[in-house]
Amino acid sequence: QVQLVESGGGLVQAGDSLRLSCAASGRTVSRNSIGWFRQAPGKDREFVAGIGWTGKSTLYADSVKARFTISRDYAKNTVYLQMNNLKPEDTAVYFCAARPSPVIRPGRTDYDSWGQGTQVTVSS
C-alpha cells in the first residue's frame, strides 16, 4: 500500500483560496493514480478530483470544475489540490487516496490507500 498524509486545510472565508497537499510514500508512488475526496457532516464521501499516474490526465467533479486544480510533483511524491473561490458548501474533511492504476476512477472502492484527512471550513 501507499502511505498518504494530507495537509493544508484550515478556516477561510468564502472567495478565498487554499492549497491542500498529499504527501505519499511506500509502494512505487509514481505508478498510482491519486484522487481527492471530501466528506461533509452527515453526507457520503464524494469524489472531488483525480490525476493519473502520468500526470497528463485529470478528472473533476462538476461542482469544483474551473475552481479546483489537481497537480502532482514526482520529485516530492506530492499531489496538490489548489482550491480557488471557495464556497461554504466546500466545507468538509478532505482525503487523498491512491490506486495502483494509470486510470482515474471516481468511486471510493476503486482506491486501496487513504490518508487521515484534513479539515476545510469555509465561512460565509
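Residues numbered from 1 in each chain as written. Predicted model: local features only at pLDDT ≥ 70, side-chain atom pairs only at ≥ 80, totals over all residues. Heavy atoms only, no water.

Inspection of the entire model under this criterion finds four salt bridges. Between R38 and D90 there is a salt bridge, with its nearest N and O atoms 2.9 Å apart. Of this pair, R38 sits in strand β4 (residues 33–39) while D90 sits in the loop between β8 (78–83) and β9 (92–99); the two residues are 52 residues apart in sequence, bridging distant segments of the chain. Each member of the pair R38 and D90 is classed as buried. A salt bridge links K65 to D62; the nearest nitrogen and oxygen atoms lie 3.3 Å apart. Relative accessible area serves as the criterion here: at 46%, K65 is assigned to the partly exposed category. A single network of salt bridges, built from pairs that share partners, joins R38, E46, R67 and D90. (Salt bridge = Lys/Arg side-chain N within 4 Å of Asp/Glu carboxyl O. Helix = DSSP H or I, 4+ residues; strand = E, 2+ residues; numbered from the N terminus. Buried < 20%, exposed > 50% of the residue type's maximum accessible area, 1.4 Å probe, protein only.)

Positive phi outside glycine occurs at A66, with the angle close to 75°. Mapped onto the elements of the fold, A66 is located in the loop between β6 (58–60) and β7 (68–73). Despite not being glycine, N77 shows a phi value in the positive range, around 50°. Structurally, N77 can be placed in the loop between β7 and β8.

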